[in-house]
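# Per-entry structural report
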Amino acid sequence: EELTIIRKFEHIEYCLKRNVQAHVSNGFEDVHFVHMSLPEIDKDEIDLSVEFLGRKFDYPIMIAGMTGGTKGSQLAGKINKTLAKAAQELNIPIGVGSQRAMIRKPETWESYYVRDVAPDVFLVGNLGAPQFAETMPGRYGIEEALKAVETIQADALAIHMNPLQESVQPEGDTQYRGVLKALAELKAEFPYPIIAKETGAGVSMEVAIRLESIEIDAIDVGGLGGTSWSGVEYYRAKDEMGKNLALKFWDWGIKTAISVAEVRYATELPIIATGGMRDGITMAKALAMGATFAGVALPLLRPAVKGDVEGVIKVLERYIEEIRNTMFLVGARNVEELRRVPLVITGFTREWLEQRIDLPAYLRDRRI
Ligand code: FNR
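All of the points below concern the structure found in this document. (Residues numbered from 1 in each chain as written. Predicted model: local features only at pLDDT ≥ 70, side-chain atom pairs only at ≥ 80, totals over all residues. Heavy atoms only, no water.)

### Some remarks on the overall build of the protein
For the protein, the count of helices and strands is 16 helices and 12 strands. Scaling as 2.2 N^0.38, a compact globule of 368 residues should have a C-alpha radius of gyration of about 21 Å, and the protein matches this with 19 Å. Dimensions of the protein, computed from the C-alpha atoms along their principal axes, are close to 60 × 45 × 40 Å. Intrachain contacts of the protein at a sequence separation of at least 6 include 79% that bridge at least 24 residues. (Helix = DSSP H or I, 4+ residues; strand = E, 2+ residues; numbered from the N terminus. Rg over C-alpha atoms; globule rule 2.2 N^0.38 Å. Contact = heavy atoms within 4.5 Å.)

Quick look at the structure:
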């Protein structure tokens, strides 16, 4: 049990002090807008709001879950509260990190609790998919899922899928048998929306179709090209074998841009495009490709550990201004219109997508 908590700190430390990003891009450099010399709109009439799971948000950015699991208002609590204050101010959704520590040690609940500083924020709880596997001793069910959401008064639950990370760490939970069935059973009874979330290796259209078939409410594609959990595990590995395995799989996965296209093409689920989103032009591309939000984790960690709410807001406002400017230059008054502007896809991303989906059909219709 102590292990889970120590692990959390190591993760944060490595994320701050080492380069834990993928060595490959998230694919959006292959996605191009076509500049419009006559946008026929005024820049200041652009509306960045989006709807998601029955709620309206002011901006199409989500703060992805990162942490929790320390007692009282220690580091994890400070990070979550800082991020939540920024999310409250901007009216954007926010996730907390895995609540596994809280299920084991209920006294850590406060480190996930942000309602006191963010009463109106759309808050997403977080549990891991392997905890629901049929081969997991003490497997989770609806009781743990309800506890995760209700203890922190969350609005939805994210179930993170992280087979990559689990597979390259010595103490990893590599049980994944029966997860889909367990999620189907959970979904049938659970009164809150469930978001299936990858953590840096992307969601394929085959997986997305299965998730849609059990009525999961949304997908966070968590694609390759941003934070690499295999990268984090590389630094944590204690021996040669461990280091080798984590290094080999550092850049494993489906790039974020590709994952967004596959999921949009194959399902009607709302998409959160997370994984290496580091500027507003890239975010606008994800929205144009059919995502409802761009999700961000790592760039917000540094200001958040300092408790610097203004610092978090500043990073997000920069993204917002870049999205707005991009929308002006392609003549899109709102996100709906952004999904109708022409896109050109080149290079590796085009080669991949041509083998996987009907690319011209997808490019013609990128709406839900
Ligand atoms: C994460 N991420 C994550 N995801 C999750 O579902 N549960 C978790 O507990 C965590 N913990 C966590 C800690 C830290 C320090 C980071 C940086 C990230 C993954 C995160 O939500 C996101 O999917 C990826 O980090 C990809 O986004 P970025 O970092 O490339 O913007």
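### Side note on the environment of Arg-333
Note on placement: Arg-333 falls in the loop between helix H13 (309–329) and helix H14 (335–338). Between the C-alpha atoms of Arg-333 and Lys-43, which are 290 residues apart in sequence, the distance is 8.2 Å. The contacts of Arg-333, once residues within four sequence positions are left out, are Glu-40, Ile-41, Glu-45, Ile-46, Asp-47 and Met-327.

### Considerations on the site of the ligand
Looking at the ligand, there are 23 residues lining it, with Met-66, Ser-98, Lys-197, Thr-227 and Arg-278 nearest. A distance of 2.8 Å separates a nitrogen atom of the ligand from a polar atom in the backbone of Met-66. Contact with the protein chains covers 97% of the free accessible surface of the ligand, which is 600 Å². Of the residues in the shell around the ligand, the class split is eight nonpolar, 11 polar and four charged. (Near = heavy atom within 4 Å. Polar contact = N/O pair within 3.5 Å; in protein donor to acceptor, adjacent residues only side chain to side chain. Areas by Shrake-Rupley, 256 points an atom, 1.4 Å probe, with all protein chains shown as cover. Nonpolar A, V, L, I, M, F, W, Y, C, P; charged D, E, K, R; others polar.)

### Points about the environment of Phe-9
In this fold, Phe-9 is placed in helix H1 (residues 2–17). For the pair Phe-9 and Ala-76, spaced 67 residues apart in the sequence, the C-alpha separation amounts to 8.6 Å.

### Quick word on the pairing of strand E8 (residues 194–198)
With five of five residues buried, E8 lies mostly within the body of the structure. Of the strand pairs in this sheet, strand E7 (residues 156–161) and E8 are connected by five bridges, and their pairing is parallel. Of the residues in E8, the one forming a bridge with Met-161 is Glu-198. Bridge count between E8 and strand E9 (residues 218–220): three bridges; the pairing is parallel. Looking at the pairing, Lys-197 lines up with Asp-220 of E9. (Buried < 20%, exposed > 50% of the residue type's maximum accessible area, 1.4 Å probe, protein only. Pairing = 2+ DSSP bridges.)

### Here we look at the side chain of Glu-144
Tracing the chain through its elements places Glu-144 in helix H4 (residues 142–151). No salt bridge is formed by the buried Glu-144; its nearest oppositely charged neighbour, Lys-147, is found at 6.4 Å. Polar side-chain contacts of Glu-144 include one of 2.9 Å to the backbone nitrogen of Gly-141. (Lys, Arg positive; Asp, Glu negative; His and termini not counted. Salt bridge = Lys/Arg side-chain N within 4 Å of Asp/Glu carboxyl O.)

### Things to note about the pairing of E7
Most of E7 is tucked away, with six of its six residues classed as buried. Side-chain alternation along E7 places Ala-156, Ala-158 and His-160 on one buried face and Leu-157, Ile-159 and Met-161 on a second face that is also buried. Inspection of the sheet shows strand E6 (residues 123–128) paired to E7 by five bridges, in the parallel sense. Pairing of Val-124 across the sheet is with Ala-156, part of E7. A crossover links E6 with its parallel partner E7, the connecting element being H4, and its sense is right-handed. (Right-handed = clockwise from strand over helix to strand, strands pointing away.)

### Focus: the nonpolar core
For soluble globular proteins, nonpolar side chains are generally found buried alongside one another. Membership of the largest hydrophobic core comes to 120 residues, with the highest contact counts inside it found for Leu-83, Ile-159, Met-289, Leu-300, Leu-316 and Leu-338. In terms of residues, this core owes the most to one element, H13, which gives nine residues. Residues in contact with Ile-159, not counting those within four places in the same chain, are Leu-127, Gly-128, Ala-129, Phe-132, Leu-183, Leu-186, Ile-194, Ile-195, Ala-196 and Lys-197. (Core = buried A, V, L, I, M, F, W, Y, C linked by side-chain atoms within 4.5 Å.)

### With respect to helix H2 (residues 75–90)
With 16 residues, H2 extends 23 Å from end C-alpha to end C-alpha; this agrees with the ideal 22 Å at 1.5 Å per step. If you check which residues of H2 are buried, you get Ala-76, Gly-77, Ile-79, Asn-80, Lys-81, Thr-82, Leu-83, Ala-84, Ala-86, Ala-87 and Leu-90. Of the residues one or two after H2, Asn-91 is the one with positive phi, at around 55°. (Expected span 1.5 Å × (residues − 1).)

### Some remarks on the pattern of salt bridges
For the structure shown, the criterion picks out 20 salt bridges. Residues Arg-340 and Glu-336 are paired through a salt bridge, measuring 3.4 Å at the closest nitrogen-oxygen approach. By relative accessible area, Glu-336 is classed as partly exposed at 36%. Between Glu-354 and Arg-350 there is a salt bridge whose closest N-O contact spans 2.9 Å. Taken together, the residues span about one helical turn, with Glu-354 and Arg-350 both in helix H15 (residues 347–356) at a distance of four residues.

### Comments concerning the packing of aromatic side chains
When we look at a pair of aromatic rings, we describe it by the centre distance and by the angle of the planes. Inspection of every chain in the model, using the stated rule, returns 13 aromatic pairs. Judged by centre distance (5.5 Å) and plane angle (75°), the ring pair of Phe-57 and Phe-293 falls under edge-to-face. Residue Phe-57 is located in strand E3 (residues 55–57), and its partner Phe-293 is located in strand E11 (residues 293–296); the two are separated by 236 residues in the primary sequence. Residue Phe-57 shares its accessibility class with Phe-293, and that shared class is buried. Following the ring pairs from residue to residue traces out a cluster consisting of Tyr-14, Tyr-234, Tyr-235 and Trp-250. The ring of Tyr-234 has Lys-243 sitting right over it, with the charged end atom 4.7 Å from the ring centre. (Phe/Tyr/Trp six-rings, centres within 6.5 Å; stacked < 30°, edge-to-face > 60°. Lys NZ or Arg CZ within 6 Å of the ring centre and 35° of its normal.)

### Some points on the packing of helix H10 (residues 256–266) against H15
Two elements in contact, H10 and H15, have axes whose closest approach is 10 Å; the angle formed by their N-to-C orientations is 25°. One finds that H10 runs roughly parallel with respect to H15. Like other packed secondary-structure pairs, H10 and H15 cross with a definite hand, here right-handed. Of the residues in H15, those in contact with Ile-258, Ala-261 and Glu-262 of H10 are Phe-348, Thr-349, Trp-352, Leu-353 and Arg-356. A class-by-class count of the residues in the contact of H10 with H15 yields five nonpolar, one polar and two charged. (Axes fitted to C-alpha atoms, helices over the stretch in contact; angles between N-to-C directions. Parallel < 35°, antiparallel > 145°, perpendicular 65-115°, else oblique. Left-handed = near helix turned anticlockwise from the far one by under 90°.)

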